[in-house]
Amino acid sequence: MIEGVKTKKLFKHCDDRGFFAELVRDDEALLERFGQASWSMSYPGVIKAFHYHEEQDDLWFFPSGNAQVVLHDLRKKAETYGETDVYYMGEENPIVLLIPKGVAHGYRVLGQKPATIIYFTTQSYYPKKPDEKRIPWDDPIIGFDWETKNR
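Residues numbered from 1 in each chain as written. Predicted model: local features only at pLDDT ≥ 70, side-chain atom pairs only at ≥ 80, totals over all residues. Heavy atoms only, no water.

K.L.:
Account for the overall build of the protein, with residues named and values stated.
P.N.:
Across its full length, the protein holds 0 helices and 12 strands. Computed over C-alpha atoms, the radius of gyration of the protein comes to 16 Å, within 12% of the 15 Å expected from 2.2 N^0.38 for 151 residues, which places it in the range of a compact globule. Looking at the protein residue by residue over its 151 residues, the buried ones come to 42%. Looking at the protein alone, contacts between residues at least 24 apart form 81% of all its contacts between residues at least 6 apart. Accessible surface, the protein as shown: approximately 9400 Å² in total, 52% of it carbon and sulfur. Placing the 20 positive and 24 negative side-chain charges of the protein at their respective mean positions leaves the two points 3 Å apart. (Helix = DSSP H or I, 4+ residues; strand = E, 2+ residues; numbered from the N terminus. Rg over C-alpha atoms; globule rule 2.2 N^0.38 Å. Buried < 20%, exposed > 50% of the residue type's maximum accessible area, 1.4 Å probe, protein only. Contact = heavy atoms within 4.5 Å. Areas by Shrake-Rupley, 256 points an atom, 1.4 Å probe, with all protein chains shown as cover. Lys, Arg positive; Asp, Glu negative; His and termini not counted. Charge placed at Lys NZ, Arg CZ, Asp CG, Glu CD.)

K.L.:
Before we move on, could you go through the sheet that holds strand β1 (residues 6-9) and cite the residues and values that matter?
P.N.:
Reading across the sheet, the 5 strands line up as β1-β9-β6-β11-β4 and stay open at both edges, with antiparallel pairing between neighbours. Two strands in the sheet have a free side with no partner beyond their single neighbour: β1 and β4 (36-42). Taken over all neighbouring pairs, the strand axes of this sheet differ in orientation by 20 degrees on average, direction set aside. (Pairing = 2+ DSSP bridges. Axes fitted to C-alpha atoms, helices over the stretch in contact; angles between N-to-C directions.)

K.L.:
So what's going on with the environment of L30? Which residues, and what values?
P.N.:
Its place among the elements puts L30 in the loop between β3 (18-20) and β4. Placed 25 residues apart in sequence, L30 and V5 show a C-alpha to C-alpha distance of 9.6 Å.

K.L.:
Now, about the pairing of strand β11 (residues 115-121): what can you tell me, with residues and values included?
P.N.:
Counting buried residues along β11, 5 of its 7 residues qualify, which places the element largely inside the surrounding structure. As paired elements, β4 and β11 share 7 bridges and run antiparallel to each other. Counted as the bridge partner of M41 is T116 from β11.

K.L.:
Give a description of unusual backbone geometry that names residues and reports values.
P.N.:
For the peptide bond that leads from A49 to F50, omega is -20 degrees, which places it in the cis range. Checked against the element boundaries, F50 lands in strand β5 (residues 47-52). Phi angles above zero are rare outside glycine, and A29 is one such case at about 60 degrees. Here A29 shows up in the loop between β3 and β4.

K.L.:
Tell me about the pattern of salt bridges, and name the residues and values.
P.N.:
Throughout the structure, instances matching the rule amount to 11 salt bridges. Here E32 ties to K101 by a salt bridge, and the two come within 3.7 Å at their closest N and O atoms. Taken together, the positions of E32 in the loop between β3 and β4 and K101 in the loop between β9 (95-99) and β10 (103-110) put the pair 69 residues apart, joining distant regions of the chain. Each of the salt bridges in this network shares a partner with another, and the network as a whole consists of E22, R25 and D27. (Salt bridge = Lys/Arg side-chain N within 4 Å of Asp/Glu carboxyl O.)

K.L.:
I'd like a rundown of the packing of aromatic side chains, residues and numbers included.
P.N.:
Tallied over the full model, the rule gives 5 aromatic pairs. With a centroid separation of 6.2 Å and 80 degrees between ring planes, the pair formed by W60 and F62 is classed as edge-to-face. No difference in accessibility class separates W60 from F62, as the two residues are buried. Geometrically, the ring pair formed by F144 and W146 is edge-to-face, given 5.0 Å between the ring centres and 75 degrees between the ring planes. In this structure, K12 packs its charged tip against the face of F19, placed 4.4 Å from the ring centre. (Phe/Tyr/Trp six-rings, centres within 6.5 Å; stacked < 30°, edge-to-face > 60°. Lys NZ or Arg CZ within 6 Å of the ring centre and 35° of its normal.)

As structure tokens, this is what we get:
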């Protein structure tokens, strides 16, 4: 696991009305501070990758659909510098994923239906000075193969 990345397994409390689950609490030490909550949807097969932040951490959750999330550590002082990790998140694996600043991240929507992501950040987004650095999805240094392999 890349240094500083955290996951939280979600627990659903089910009854005859539906379910309830907590995503983020202020006593968990997942986010050092709250900046913004955002919501996005992507269609099947879409790849949104890569980008990273210098100032903010991200906390990702996919409440519907499924995604292959890829992280690549760009922090030269981290023990896991240059390492890549993959997480499968969404309806089939309801987890929350903390992505520290300096770790490139992106995802590919899996399956035949759209994926929805809700994410929390430690900083608000400022269009005039965005803390978002882009890297192409097929960057040769990261070298991630996004294609599904038949096994």
